[in-house]
Amino acid sequence: MKGLKSAVFGMATALAMVCAVPASAQNVSATRPDSIAAVLKARGLPSELKQGDGNPYIRSAYDDMPFLIALMNCDDAKANCATVQFYFGFNDRKGFSLDKLNEWNAKKRFVRAYRDDDNDPVLVMDVDTDKGGIPQAVFNENLSVWLDQMQQYRRFVTE
C-alpha cells in the first residue's frame with residue numbers, strides 16, 4: 001500500500017508540474033489581446049486596445065513610428081480573432097513609386113509593402129496565432145523582425 005501511495009503521489013506531482021505553466025510561457029493569441037499587450041509592455045512599447053468600426057486593434061509605437069496591430073479573422077461579434085497584422089504607413093508620401101515598392105518587395109521575405117486606398121505607402125506583416133496561439137518567444141521574435149523592418153522601410157520611403 002505504501003508503494004501505491006508513493007506512485008500515486010509521484011504521478012500527481014508530475015501532472016501538476018506539467019499543468020502548471022508559468023505566466024512567462026503562456027502563448028500569445030489574437031483571441032487574447034492582453035497577451036499581445038504584455039509582450040509590447042515587456043519591450044517598453046505602448047499598448048492601447050481600440051475598437052473601431054471593424055475589428056479591434058492595438059495602437060503602439062517604436063522609435064517615433066506609430067503602428068497598429070490589427071486583430072484579424074474574428075468572429076461576427078468582432079472577438080475570437082485568429083491572426084494579427086502589423087501595419088505601418090505614411091500619409092505624407094502620396095503616390096510613392098510602385099517601382100520602388102516592387103523593389104522593396106523583391107528583397108523582403110516577411111513583410112510586404114503596397115499603396116493603400118489613399119495612395120499612401122504602407123508596410124504590413126501577418127502573424128498566425130490560431131489554434132491556441134504561439135509561444136511568447138516566437139511572437140517576440142516576430143515583433144523584433146517587424147520593428148527592424150519598420151525602421152528600414154522608413155529609411156527606404158523617406159530617402
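What counts as what
Residues numbered from 1 in each chain as written. Predicted model: local features only at pLDDT ≥ 70, side-chain atom pairs only at ≥ 80, totals over all residues. Heavy atoms only, no water. Helix = DSSP H or I, 4+ residues; strand = E, 2+ residues; numbered from the N terminus. Buried < 20%, exposed > 50% of the residue type's maximum accessible area, 1.4 Å probe, protein only. Contact = heavy atoms within 4.5 Å. Areas by Shrake-Rupley, 256 points an atom, 1.4 Å probe, with all protein chains shown as cover. 1 Å grid on protein atoms, 1.4 Å probe; cavity = no way out; pocket = protein on both sides within 12 Å on 5 of 7 lines; lining within 4 Å. Points joined across faces, edges and corners; volume = space filled by probe spheres on them. Nonpolar A, V, L, I, M, F, W, Y, C, P; charged D, E, K, R; others polar. Core = buried A, V, L, I, M, F, W, Y, C linked by side-chain atoms within 4.5 Å. Pairing = 2+ DSSP bridges. Axes fitted to C-alpha atoms, helices over the stretch in contact; angles between N-to-C directions.

Engineer: So what exactly am I meant to see when it comes to the overall build of the protein chain here?
Structural biologist: Summing up its helical and strand segments, the protein chain has 4 helices and 8 strands in all. Put simply, the protein chain runs from its N terminus to its C terminus through helices and strands in the order α-β-α-β-β-β-β-α-β-β-β-α. The proportion of buried residues among the 159 residues of the protein chain is 33%. Nonlocal contacts in the protein chain, meaning residues at least 24 apart in sequence, comprise 51% of its contacts between residues at least 6 apart. By element, 53% of the accessible surface of the protein chain is carried by carbon and sulfur atoms, the whole surface being about 9,600 Å².

Engineer: Help me understand the layout of surface pockets, please; the structure alone is not making it clear to me.
Structural biologist: In this approach the atoms are scanned with a rolling probe the size of a water molecule, which exposes any empty space left behind. Taken as a whole, the largest pocket encloses approximately 180 Å³ of empty space. Along its surface, the largest pocket is lined by 13 residues, and Leu 68, Tyr 87, Phe 88, Gly 89 and Phe 90 are the ones closest to its centre. Elements with a contribution of two residues or more to the lining of the largest pocket: strand 4 (65-72) and strand 5 (83-89). Partitioned by chemical class, the residues of the lining of the largest pocket number 7 nonpolar, 2 polar and 4 charged.

Engineer: Which parts of the structure should I look at to understand unusual backbone geometry?
Structural biologist: Generally, phi is negative for residues other than glycine and the peptide bonds are trans, each holding for most cases. Phi at Asp 64 is positive, roughly 60 degrees, even though this residue is not glycine. Relative accessible area serves as the criterion here: at 77%, Asp 64 is assigned to the exposed category. Phi angles above zero are rare outside glycine, and Asn 73 is one such case at about 55 degrees. Residue position: Asn 73 is located in the loop between strand 4 and strand 5. For Asn 73, a relative accessible area of 55% gives the class exposed.

Engineer: What is the right way to read the nonpolar core from this model?
Structural biologist: Soluble globular proteins tend to pack their nonpolar side chains together in the buried interior. Of all hydrophobic cores here, the largest spans 34 residues; its most connected members are Ile 36, Phe 67, Val 84, Phe 86, Phe 139, Trp 146 and Tyr 153. For this core, the secondary-structure elements that each account for two or more residues are helix 2 (33-42), strand 4, strand 5, helix 3 (98-107), strand 7 (121-128) and helix 4 (136-158). Looking at this core, the element that brings in the most residues is helix 4, giving 8 residues. Contact partners of Tyr 153, with chain neighbours within four places excluded, come to Phe 88, Phe 90, Leu 101, Trp 104, Ala 113, Tyr 114, Pro 121, Val 122 and Leu 123.

Engineer: Is there a simple way to think about the sheet that holds strand 4 in this case?
Structural biologist: Strand pairing in a sheet relies on backbone hydrogen bonds. The paired strands run either parallel or antiparallel. Pairing is antiparallel across the open sheet formed by 6 strands, whose spatial order is 2-3-4-5-7-6. Pairing within the sheet leaves two strands with one partner each, and these edge strands are strand 2 (48-51) and strand 6 (112-115). Each adjacent strand pair in this sheet contributes to an overall mean axis angle of 30 degrees, direction not counted. Pairing geometry for strand 5 and strand 7, over 7 bridges, is antiparallel. Along strand 7, the bridge assignment pairs Gly 89 with Val 122. Helix-sheet contacts for helix 3 involve strand 6 and strand 7, and the interaxial angle to strand 6 is about 165 degrees. Contacting strand 3 (56-62), strand 4, strand 5, strand 6 and strand 7, helix 4 crosses the sheet at an angle of about 170 degrees to strand 7.

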